[in-house]
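So you can see what is in the structure, the chains are spelled out below.
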Amino acid sequence: MEKKLERILKNYVKDECNIISTLQDVQEILGYIPEEAVNVLSKKLDIPTSRLFGIITFYSQFHLKPRGENVITVCRGTACHVNGSERLINRLFLELEIPPGGDTTDDLRFTVEKVNCIGACGIAPAVVLNNKVRGKMTFEKLMREIRNIKAGE
Amino acid sequence: MNKDISIKVCTGTGGIAAGGNEILSEFKKALSSAGIEASFNGNCSVHKVGCRGFCARDLLVDIIINGEKTTYQYVKPDMVARIVSEHIIEGNPVTEWIVGEDYHNFHKKQLRVVLSDCGEIDPEDINSYIKVGGYEAARKALTAMNPEEIVRIIKDSNLRGRGGAGFPTGFKWELTLKSKSDVKYVICNGDEGDPGAFMDRAVMEGDPHSVIEGMIICAKAIGSTLGYIYVRAEYPLAVKRLQMAIDRCCETGFLGKNILGTGFDFHIKIFKGAGAFVCGEATALMRSIEGKRGMPTPKLWHSAIKGLWDKPTVLNNVETLANIPRIILKGADWYRGLGTEKSGGTKIFALTGKVKNTGLIEVPLGISLREIIYDIGGGIEGDRKFKAVQTGGPSGGCIPAEFLDTEVDYEPLAIAGSIMGSGGMIVLDETDCMVNTAKFFLEFTQSESCGKCTPCRIGTKRLLEILERITSGKGKKGDIELLQELSEDIKATSLCGLGMTAPNPVLSTIKYFRNEYEAHIIDKKCPAAVCKDLIKYFILEEVCKGCGACKRVCPADAIRGIKKKPHRIDPALCIKCGTCFYACKFKAVSKS
């Protein structure tokens, strides 16, 4: 991990405003931000870990726990809400057997998360499946895609 | 073949979701196998274009032959071959796939100023922008105008901040121009966080150069050399296209040192947000760029005096900046003439929810809500009854039917109990519960409250708890009054706009739909049959055909019955997910 972090830090100009983009790069490469990485960053950048954790926990995009190989992001914007996104999420949690309080299956294959609005309101309800936006989503359509993913693995 | 052919394929976020990229390559394939070479500048060209607005009809494709435009809707990859052979080669358009009357009605009352090129030009090609007059305004501002002249035009145009607050843009620029400092900043606020709003995304994805051009003009007006575009992380395509646009500008000399040989320097950096709604607030956004937690700070000074890193800063919304080049070119009188007495120009709205035609629209200020919903939106889906229109996102309110003739402008909407906001316009019908709607927005503001000030952090939590109590059938007498009192306190004492406006959805729904609150609290009923704890699902025996569709989809195994005989829902097992309700083709599943 230290090597990977070194590579990210090579492009880092020591400037306070780069902390967020550095953390974004770390997450991009490691998939999440492990505690160990925060400790390494803190030493290399001479920034207290408390400050780094403060930033990480403030922004919803940063994750301190590993995430599933497949990420299903269900939009919870107003247009999606009135078009049934809540029903979609509830059934998804049920069907994928995601433990209560969590967002990822025990085998780390799927993460289901909510996002406030991805701005695809014209095709609500919208779902982002592994970085691809899908519109006018129904539970059946989504399950078909999930079965395809499971079969392909 | 002596034809001038241009094919435009929508590749905005909505377009890509509908297969825009596949269809684009399908067109290129079909054309080349027909012996037509498709290039960007030849007689036959296939273009990517940005959001067309009418996302519900995606994918939309324009075929322009010798200047004559035909638009196809709901295009799928397997339809491309027929369009190419019949329309492009033989000259007979495929009539059954062409848009109908309603498509044209959607556009009739619109007035596209900011969106005039969005959906027409290729957002990834700077020349496409230059061809329609792009960077002419920047050239004019840099070579033929001084800062005072630019500020005067913007002031005279009556342009007001399109982020929602409506602060006069020219006035903001003037304040910053007069602030003495060696360093000044221009920030474009692309942190479009309101749920149900996607105007800025469409502009950043579909016409990124207009935003950059607006920033260059602003920089010249206030004397800045560095600008930031703060974009939400949830908009990856906007980030990509803006970055491409900035890179092209640096290569062609519209950005960088000595722009257009005028000796003026200006650079733009993109800052990707990391998912925090409060960062749309000016001070929080600046703290975020400074690399801190994005928490608002008390506004002791206007950011025109002390903004980013305590330097004079202009912070404008994406749509505001995209208006600037048009105003510089066409003049203040033209722009002022488009709107109302107090606010010039047009406004883009994201018209969504229960209307027939959902999508992005741009209208002159002063148009009525009724015209937007019924003429442009085509009325309510399924011809159900209109209940309310929600504007301004979580900071706004719900406007009932009796205010449908309200003029769309900052002040009239405020009088009707809502706000203009950034441009979300969600139409609700009789199947939507207003208490649930208020709860939805409070869930949002409560989870997005940054926690710095007590009224917002704890107040919104308490508001939400009361609403949860009411919607689950545990409402008490006096809850409505408690909601109102708490709301007023939060509004009066919060630090930033998030807290000050968070109670608006509660207050406006109580004001206009008090009877729904009372039904929940006193009768323990949800009139719109939405709130889970207050409804039950059942099957109408006389309608049920016994097809078993409901039984098959029920995740809780709560439906019993034998084939061709009426089925029954076991209320003890039913989890009220509503799946059977939507699965039944005969409308035999009912709820009350």
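Predicted model only: the values in this text are computed from it and were never measured.

1. Remarks on the sheet that holds strand 8 (residues 264-272) of chain B
Residue and element names in this part refer to chain B.
Here is step 1: Pairing in this open sheet of five strands is mixed, and the strands run 7-8-6-5-9 from one edge to the other. Since the sheet does not close on itself, it has two edges, and those belong to strand 7 (256-259) and strand 9 (313-317), each with one partner. Sheet twist, expressed as the mean angle between neighbouring strand axes with direction ignored, is 25 degrees.
Here is step 2: Judged from the six bridges that link them, strand 5 (residues 185-190) and strand 6 (residues 226-231) form a sheet pairing that is parallel. Its bridge partner lying in strand 6, Asn189 is registered against Tyr230.

2. Observations regarding the pairing of strand 1 (residues 5-10) of chain B
Residue and element names in this part refer to chain B.
Here is step 1: Across five bridges, the pairing between strand 1 and strand 3 (residues 61-65) is antiparallel. Its bridge partner lying in strand 3, Val9 is registered against Val61.
Here is step 2: Bridge count between strand 1 and strand 2 (residues 44-49): six bridges; the pairing is parallel. Bridge pairing links Lys8 to His47 in strand 2.

3. A look at the environment of Leu159 of chain B
Here is step 1: Relative to the helices and strands, Leu159 of chain B resides in the loop between helix 7 (147-156) and helix 8 (169-178).
Here is step 2: It is 9.2 Å that separates the C-alpha atoms of Leu159 of chain B and Thr346 of chain B, two residues lying 187 residues apart in sequence.

4. As for the interface of chain B and chain A
Here is step 1: The interface of chain B with chain A comprises 46 residues on the first partner and 36 residues on the second.
Here is step 2: At the level of elements, helix 1 (13-17), helix 12 (282-289), strand 10 (346-353), strand 11 (359-364), strand 14 (424-429) and helix 17 (434-448) of chain B are the ones that each hand at least two residues to the side of chain B that touches chain A.
Here is step 3: Here the side of chain B that touches chain A gets four residues from one element, more than from any other, and that element is helix 1 of chain B.
Here is step 4: Taken together, the residues that form the side of chain B that touches chain A break down as 21 nonpolar, 16 polar and nine charged.

5. Section: the packing of helix 1 (residues 2-10) of chain A against helix 3 (residues 35-45) of chain A
Residue and element names in this part refer to chain A.
Here is step 1: Running from N to C, helix 1 and helix 3 point in directions that differ by 45 degrees, and their axes come no closer than 11 Å. By the angle between their axes, helix 1 is oblique relative to helix 3. For helix 1 against helix 3, the interelement crossing comes out right-handed. For the pair formed by helix 1 and helix 3, the contact residues are Glu2, Leu5 and Leu9 on the first element and Ala37, Val40, Leu41 and Lys44 on the second.
Here is step 2: Across the contact of helix 1 with helix 3, the residue classes tally to five nonpolar, no polar and two charged.

6. Some remarks on unusual backbone geometry
Here is step 1: That bond from Ala124 of chain A to Pro125 of chain A is cis: its omega, -5 degrees, falls within 30 degrees of zero.
Here is step 2: Its location among the elements puts Pro125 of chain A in the loop between strand 2 (110-115) and strand 3 (127-129).
Here is step 3: With an omega dihedral of 5 degrees, the bond running from Asp58 of chain B to Leu59 of chain B counts as a cis peptide bond.
Here is step 4: With respect to the helices and strands, Leu59 of chain B occurs in the loop between strand 2 and strand 3.
Here is step 5: Phi angles above zero are rare outside glycine, and Asn258 of chain B is one such case at about 50 degrees.

7. Some words on the sheet that holds strand 1 of chain B
Residue and element names in this part refer to chain B.
Here is step 1: Strand order in this open sheet of four strands is 2-1-3-4, and the pairing throughout is mixed. Either end of the sheet is taken by a strand with one partner, and the two such strands are strand 2 and strand 4 (68-72). Each adjacent strand pair in this sheet contributes to an overall mean axis angle of 15 degrees, direction not counted.

8. Focus on the domain arrangement of chain B
Here is step 1: If you check the domain split of chain B, you get domain 1 (5-99), domain 2 (126-338), domain 3 (434-521) and domain 4 (536-591).
Here is step 2: When each unit is reduced to the centre of its C-alpha atoms, the spacing between domain 1 of chain B and domain 3 of chain B is 48 Å.

9. Focus: the nonpolar core
A general trend in soluble globular proteins is that nonpolar side chains are found buried together.
Here is step 1: Among the nonpolar cores identified, the biggest contains 202 residues, and Ala126 of chain A together with Met215, Ile217, Cys218 and Ile372 of chain B are the most heavily contacted of them.
Here is step 2: In terms of residue count, helix 10 (residues 208-222) of chain B provides more of this core than any other element does, nine residues in total.
Here is step 3: In this structure, Ala126 of chain A is in contact with Cys75, Cys80, Ile118, Ala120, Val133, Arg134, Gly135 and Met137 of chain A, ignoring residues within four places of it in sequence.
Here is step 4: Counting eleven residues, the second largest nonpolar core, distinct from the first, contains Tyr537, Cys550, Cys580 and Cys584 of chain B.

10. Let's talk about the domain arrangement of chain A
For interface size, the figure often reported is the accessible area lost on association.
Here is step 1: Structurally, chain A comprises domain 1 (2-58) and domain 2 (70-152).
Here is step 2: Computed over C-alpha atoms only, the centres of domain 1 of chain A and domain 2 of chain A are separated by 29 Å.

11. Describing helix 13 (residues 318-330) of chain B
Residue and element names in this part refer to chain B.
Here is step 1: The buried count for helix 13 comes to eleven of 13 residues, which makes it a mostly enclosed element.
Here is step 2: Three or more residues of helix 13 are buried, namely Val318, Glu319, Thr320, Leu321, Ala322, Asn323, Ile324, Pro325, Arg326, Ile327 and Ile328.
Here is step 3: Immediately beyond the C-terminal end of helix 13, within one or two residues, lies Gly331, with a positive phi of roughly 95 degrees.

Rules and cut-offs
- Residues numbered from 1 in each chain as written.
- Chains lettered and ligands numbered in written order.
- Predicted model: local features only at pLDDT ≥ 70, side-chain atom pairs only at ≥ 80, totals over all residues.
- Pairing = 2+ DSSP bridges.
- Helix = DSSP H or I, 4+ residues; strand = E, 2+ residues; numbered from the N terminus.
- Axes fitted to C-alpha atoms, helices over the stretch in contact; angles between N-to-C directions.
- Contact = placed C-beta atoms within 7 Å.
- Nonpolar A, V, L, I, M, F, W, Y, C, P; charged D, E, K, R; others polar.
- Parallel < 35°, antiparallel > 145°, perpendicular 65-115°, else oblique.
- Left-handed = near helix turned anticlockwise from the far one by under 90°.
- Domains from an automatic or database assignment.
- Core = buried A, V, L, I, M, F, W, Y, C linked by C-beta atoms within 7 Å.
- Buried ≥ 20, exposed ≤ 12 C-beta atoms within 10 Å, placed from the backbone.

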